[in-house]
Amino acid sequence: MKLDVLRTFALCWIIGQQGCCGLREGPRLLEEPPPSISFPNTRGVSLTCSAAATPPPTVSWVTADGMRADDVASLRTITNSPTHAHTHALAYNSTLTLLPFQPDQYRHDLHAATYRCLVTNSVGTVTSRPVSVNAVVMQRFEVGVSDATGVVGGAAVFSCDVPPTVARHVSLTSWSVDGRSLSVSTRPDGRYWVLPSGELLILSLTATDAYSRVSCRASHAFDNSPRASNTARVIVTGEPLVSRPQLILRRDLVRPWVRDDLLLPCVARGHPSPSVTWYKEDETRGRVDVKAGGGGGRLRVVEGQLVITGARMDDSGFYLCFANNSAGTDSYRVNVQVRERLGVVVEPGLQRVDLGRPASLNCRVSGSPVTSLTWYKDGRPLPPLPRLSTFDRSLQIGQVSREDGGMYQCLAKNDEDAAQGASQVDLGDSAPILEYRFISQTLQPGPSVSLKCIASGAPTPQVTWTLDGFPLPQNDRLVVGQYVGMGGSVVSHVNLTGVRAVDGGAYTCTAANRAGSTAHTARLNVYGPAYVRPMSVVTAVAGEQLIMSCPAAGYPLAKITWKRDGRILPMTARQSVHENGTLTIRDVQKAADGGSYTCTASDKQGRSHSSTATVQVLVPPTVIPFSFGEASEGGESSGYLRRQERRPAPHSHLVQRWHAPRSGPSPGTHLASLRPVLQRPSPSARPRPPQRKLHLPGCQRRPHCRPLRYPRHQSSPVVGGSSEGLLRHPGGSLAIPCHAQGFPTPRITWRKTRDQPGQYSPILGGGMGLGLGVGAGVGVGMGVAENGSLVVVGARAEDEGKYLCEAANGVGGGLSALIDLSVNAPPRFDPGLQRTVSVRRGSQATLTCHAHGDPPITLLWQATHTNAHDRSVVREVAGGVRGELVIPSVKMEDAGQFTCTASNTYGTDAFVVTLVVQDVPGSPHGLRVSERGSRYLTVSWLPPVTSHTPVQTYTVQYRPVRGSWGEGGGGGSWRGGDNSPTGTSCPRYPILGQGSCLELPGFVSALRAPPGSNRGGRLRQQLLRA
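Residues numbered from 1 in each chain as written. Predicted model: local features only at pLDDT ≥ 70, side-chain atom pairs only at ≥ 80, totals over all residues. Heavy atoms only, no water.

Comments concerning empty space enclosed by the protein
Any empty space left between atoms is shown by rolling a water-sized probe over those atoms.
For step 1, the next point in the chain: By the definition in use, this model includes one cavity of 30 Å³ or more.
For step 2, the next point in the chain: Space inside the largest cavity adds up to approximately 30 Å³.
For step 3, the next point in the chain: Every residue lining the largest cavity is listed: R116, T127, S128, R129, P130, Y376, Q409, L411 and Q420.
For step 4, the next point in the chain: Counted by class, the lining of the largest cavity contains three nonpolar, four polar and two charged residues. (1 Å grid on protein atoms, 1.4 Å probe; cavity = no way out; pocket = protein on both sides within 12 Å on 5 of 7 lines; lining within 4 Å. Points joined across faces, edges and corners; volume = space filled by probe spheres on them. Nonpolar A, V, L, I, M, F, W, Y, C, P; charged D, E, K, R; others polar.)

Structural notes on the state of the cysteines
For step 1, the next point in the chain: Scanning the model with the defined rule gives eight disulfides in all.
For step 2, the next point in the chain: Each sulfur of the disulfide joining C550 and C599 lies 1.6 Å from the other. Negative torsions about the S-S bond denote left-handed disulfides, and the value of about -90° found for C550 with C599 makes this one left-handed. Taken as a pair, C550 in the loop between strand 51 (546-548) and strand 52 (552-555) and C599 in strand 57 (residues 595-603) lie far apart in primary sequence, 49 residues in all. The same class applies to C550 as to C599, namely buried.
For step 3, the next point in the chain: With its sulfur 2.2 Å from that of its partner, C849 forms a disulfide with C900. What sets the handedness of the C849 and C900 disulfide is the S-S torsion sign, and at about 45° it is right-handed. Of this pair, C849 sits in strand 73 (residues 845-852) while C900 sits in strand 77 (residues 896-904); the two residues are 51 residues apart in sequence, bridging distant segments of the chain.
For step 4, the next point in the chain: Residue C849 is classed as buried on the basis of its relative accessible area of 0%.
For step 5, the next point in the chain: Residue classification places C900 among the buried residues on the basis of a relative accessible area of 0%. (Disulfide = S-S within 2.5 Å. Helix = DSSP H or I, 4+ residues; strand = E, 2+ residues; numbered from the N terminus. Buried < 20%, exposed > 50% of the residue type's maximum accessible area, 1.4 Å probe, protein only.)

A short note on the sheet that holds strand 63 (residues 734-736)
For step 1, the next point in the chain: If you trace the three strands from one edge of the open sheet to the other, you get 63-68-67, paired in antiparallel fashion. Each end of this open sheet is capped by a strand with a single partner; those strands are strand 63 and strand 67 (782-784). If you compare each strand with its neighbour and ignore which way they point, the axes differ by 20° on average.
For step 2, the next point in the chain: Bridge count between strand 67 and strand 68 (residues 790-792): three bridges; the pairing is antiparallel. Its bridge partner lying in strand 68, M782 is registered against V792. (Pairing = 2+ DSSP bridges. Axes fitted to C-alpha atoms, helices over the stretch in contact; angles between N-to-C directions.)

Points about the pattern of salt bridges
For step 1, the next point in the chain: Summed over the entire model, instances satisfying the criterion amount to 26 salt bridges.
For step 2, the next point in the chain: One salt bridge in this structure joins E25 and R28, with 2.9 Å as the shortest N-O distance. Of the two residues, E25 and R28, neither departs from the other in class, the shared state being buried.
For step 3, the next point in the chain: Note that D593 and R574 form a salt bridge whose closest N and O atoms lie 2.8 Å from each other. Of the two residues, D593 sits in helix 3 (residues 590-593) while R574 sits in the loop between strand 54 (567-568) and strand 55 (575-577), which places them 19 residues apart along the sequence.
For step 4, the next point in the chain: With a relative accessible area of 16%, R574 lands in the buried category.
For step 5, the next point in the chain: Overlapping salt bridges bring together R255, R339 and E416 as one network. (Salt bridge = Lys/Arg side-chain N within 4 Å of Asp/Glu carboxyl O.)

With respect to the sheet that holds strand 30 (residues 328-336)
For step 1, the next point in the chain: Sheet architecture is open: five strands sit in the order 22-30-29-25-26, paired in mixed fashion. The two strands at the open ends of the sheet, each matched to only one other strand, are strand 22 (253-254) and strand 26 (286-289).
For step 2, the next point in the chain: Examined bridge by bridge, strand 25 (residues 275-282) and strand 29 (residues 317-325) share six bridges and lie antiparallel to one another. Paired with T277 across the two strands is F322, which belongs to strand 29.

As for the confidence of the model for the protein
For step 1, the next point in the chain: Residue-level pLDDT values for the protein average 79, and 77% of them are 70 or greater.
For step 2, the next point in the chain: In this model, residues 628-655 is a region of pLDDT below 50 whose contacts with residues beyond four sequence positions or in other chains number 76 contacts.
For step 3, the next point in the chain: Below a pLDDT of 50 lies the segment residues 659-725, which in the model reaches 129 contacts outside its immediate sequence neighbourhood of four places, other chains included. (pLDDT = per-residue confidence, 0-100. Contact = heavy atoms within 4.5 Å.)

Describing the environment of R76
For step 1, the next point in the chain: Tracing the chain through its elements places R76 in strand 5 (residues 76-84).
For step 2, the next point in the chain: Classification of R76 by relative accessible area gives buried; the value is 7%.
For step 3, the next point in the chain: Taking C-alpha positions, R76 is 9.7 Å from S46, a pair spaced 30 residues apart along the chain.
For step 4, the next point in the chain: With near-sequence residues (within four places) excluded, R76 lies in contact with A69, D70, D71, L96, T97, L98, L99, L110 and Y115.
For step 5, the next point in the chain: A polar atom in the side chain of R76 sits 2.9 Å from the backbone oxygen of D70. (Polar contact = N/O pair within 3.5 Å; in protein donor to acceptor, adjacent residues only side chain to side chain.)

Quick look at the environment of T572
For step 1, the next point in the chain: Tracing the chain through its elements places T572 in the loop between strand 54 and strand 55.
For step 2, the next point in the chain: The class of T572 is buried, set by a relative accessible area of 14%.
For step 3, the next point in the chain: Residues T572 and L815 lie 243 residues apart in sequence; the distance between their C-alpha atoms is 8.3 Å.
For step 4, the next point in the chain: The residues touching T572, leaving out its near neighbours within four places in the chain, are Y760, L804, S816 and L818.

Comments concerning the side chain of D503
For step 1, the next point in the chain: With respect to the secondary-structure elements, D503 resides in the loop between strand 46 (490-496) and strand 47 (505-513).
For step 2, the next point in the chain: If near-sequence neighbours (up to four positions away) are discounted, D503 is found in contact with R477, L496, G498, L524 and R533.

Let's talk about unusual backbone geometry
For step 1, the next point in the chain: The peptide bond linking S368 to P369 adopts the cis configuration, its omega dihedral lying at -5°.
For step 2, the next point in the chain: For the peptide bond that leads from L569 to P570, omega is 10°, which places it in the cis range.
For step 3, the next point in the chain: If you trace the backbone, P570 turns up in the loop between strand 54 and strand 55.
For step 4, the next point in the chain: Non-glycine residue S74 carries a positive phi angle of around 70°.
For step 5, the next point in the chain: Relative to the elements of secondary structure, S74 occurs in the loop between strand 4 (58-63) and strand 5.
For step 6, the next point in the chain: Judged by relative accessible area, which is 54%, S74 ranks as exposed.
For step 7, the next point in the chain: Notably, D587 is not glycine yet its phi reads approximately 50°, a positive angle.
For step 8, the next point in the chain: Within the secondary structure, D587 is located in the loop between strand 56 (583-585) and helix 3.

Observations concerning the packing of aromatic side chains
Between two aromatic rings, the relevant description is the distance of the centres plus the angle of the planes.
For step 1, the next point in the chain: For the coordinates displayed, the defined rule picks out eight aromatic pairs.
For step 2, the next point in the chain: Ring geometry for F158 against W175: centres 6.5 Å apart, planes inclined by 55°, an arrangement best described as tilted. One end of the pair, F158, is in strand 12 (residues 156-158); the other, W175, is in strand 14 (residues 170-177), and 17 residues separate them in sequence.
For step 3, the next point in the chain: Given the relative accessible area of 0%, F158 is considered buried.
For step 4, the next point in the chain: Relative to Y954, the ring of W941 lies with its centre 5.4 Å away and its plane at 50°, an arrangement referred to as tilted. Here the residue W941 occupies a position in strand 80 (residues 936-942), and Y954 occupies one in the loop between strand 80 and strand 81 (955-959), the gap between them amounting to 13 residues.
For step 5, the next point in the chain: On the basis of relative accessibility, which here comes to 8%, the residue W941 falls in the buried class.
For step 6, the next point in the chain: The exposure class of Y954 is buried, given its relative accessible area of 1%.
For step 7, the next point in the chain: It is R339 that lies over the ring of W257; its NZ or CZ is 3.9 Å from the centre. (Phe/Tyr/Trp six-rings, centres within 6.5 Å; stacked < 30°, edge-to-face > 60°. Lys NZ or Arg CZ within 6 Å of the ring centre and 35° of its normal.)

Structure follows, in structure tokens:
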């Protein structure tokens, strides 16, 4: 009991003096079954396991292979019940009972099995030592005695014979000699001696012993009814001739328990009667006569038998019996193994180890022998791991990790006994970690959903759930469950039945303990209309940051907006609205930020839903440092130093006191004038915070007592009657006024929002006559004028965004206003578009135009020479709209100009595409000789009338009057382009036919007779081909 009290005190102290109410104590075995047990089939047997732990444990039974042992009808039952132990603590018992059974019901897996009980709580698991169960099927048996022989003066030995099938459970009760009952003893009874091993020894035989009748009686361990043997006799012979000694009773191995009495027999026959001497083998001294070896009188030789009283561990060893007479000697050697019940203690019994630090456990084993030693962790054999090592019955953990916390056991065993000891290893405080996190899901309404988090930490963390930052809604379809797993991890889950669109949102599981906390958030999206769940009162603390999520459901959502007093947020630099609908307010101010906030969620079908939350700002009381300044001269008029304080909360009691320094007031300061004065505003005046006045002599004329005024906006920035948006065309100019007054004169600064909410780029120019300037990420024609207005010259699309005007003069927190600047753009066409499209007659033609600008943009294709423009298609693309005019089969009359006109609210633009229809050119006409010379002539013609494709090449052929066309007939040809007046050659398109060109118009070429030609010949005919 003292040990239990000390253990409990140590647990309370190590866990941090939290009191035993918060104690976590691992399982402790109060009672466990013996290492082995046998029982008869007629009675059955019960195994009891009792334990204590905090929190309460569960007790179960397993077999040797670790399988759970449950009830088996009519053969095995398991019962559990709590009881009060002797230490007045509540013990938890479990009893495994093997019921009586008929011989034909014997089952080896039940009645010849090994069982262990397991005790488990949130700290860990311990196991009892294994217990070997052996069921004995009762059967009839008989015992017998055989005749013994001996010589006069010698000894005779009788044995009580038992069938080997029951010999393990049958023990000798007594011997009977001529009706005289003899019991087991370590001393002879006259000439009769019943040895502890069961033999009857008759010493100093006489001739009359031949007439004695000897019998034995034995009983079964599970049946007290004795069994009597037959009657035997001693066959006595006369004195023989001289013979050497012969040992007739010997032992090879004797295994007594500590403190047991034992007898080592040495019965010899021979003539003359041999003398007996006992020796013990000693590693250093050799053979030592037991009579001279000491032992404190515990070792003595009686009638040749060695008797050891109260065996000790140092009695173990080899003993030699020598029988000697004049005819010779005989001897035998016996091994004595003194056994001691095993006991195990693991030190320390309780320790707390921080993560990453080493730990050591020592297994102290008492008793002998120890044939095996095994370490267990939470009821299972400890697996070999690199960071674990065992040496000289100690366990070393190199670096403790989270899974190392729990219950450790050392189990020592031998063939007949087993014992175990346990130690509790607690982890030092460690912040929780999430071993498992649920994932984001997008579902249709209807199915069931389970969200699960598994957290571990020391101490065991608590897991809580929120939805969009608010407590989970209460309804019958939502169930929250939580339990502690085998390893001490907390498994928490949220189950939703028949999920609906209103169940969507950001679910957060938070695991926390005294060492810290961690959280995981993932969205559950359920298709359906936009919906915003009701919001409760949100409490904020002045001077800190407020993060408020919009509990919006429905999917998909187009946007989430926040409003306060009907104005879309953000309105100041302290406010940020993120894409996920989270509203962040930095440096919360009671007057500026308290009130009602409305969140509106809209889906892509135009449906919307809103909900309003009330933000209550709590102001902690603070005292701002102040000073009295220099001491004033006596007799000056009294002034005061005004001190403004924050109010903690409505209707709260604020206590204010003034204290003078211990060194005394400054010279000329009257302590009597240190009096608090509370100014109360008139009913018509605007409420103000409470003020305290400290009256000081001579303060009116001192400059540091001059009244201070906080800056105040004269009016919010307003352009075009709205402070929420300004519409201007690109390239235009505008000025956004922002004026403030106060003392000292406030300084006006402007900043532009960047990509992330709450990030701003400054615009240079301080509103104090510094002129225009620029800042990072803002337009080159943007700056701040002397009067604080933001001036934009040559507005661009990149100038769109939110602009923040701030006024500050070092008194108070300053003021700010946020406006949206929108630069509206008329349509404009992509300059890289193809302006000429050439296709062959009969092919498909596609004309494309791509316009940018503010939506909506309308595209219209027009043409005056054809109605093909009626087949146009317009679709929206990234960055604008795209229009395509598709003509499936181009005709010659489709060639010409097509106009694509784009228009929106802010302007119109046009783009012209020329369609060229390619085909074989027509015949030239108007061929004539326009000029003649002695050796030349000039031929001219007109281009084909029907060709929409520029002619590439003209070919002129000539022949003599009596010749044929072609060069073989004495004529010749010339292909236009080689000697054209422009000196240009046309590209060729063989697929369109001979003579086609896209650039050159008709031309006039001169033909000259080549040298050596027939000067008298005349050109009779000309063939012109394009």
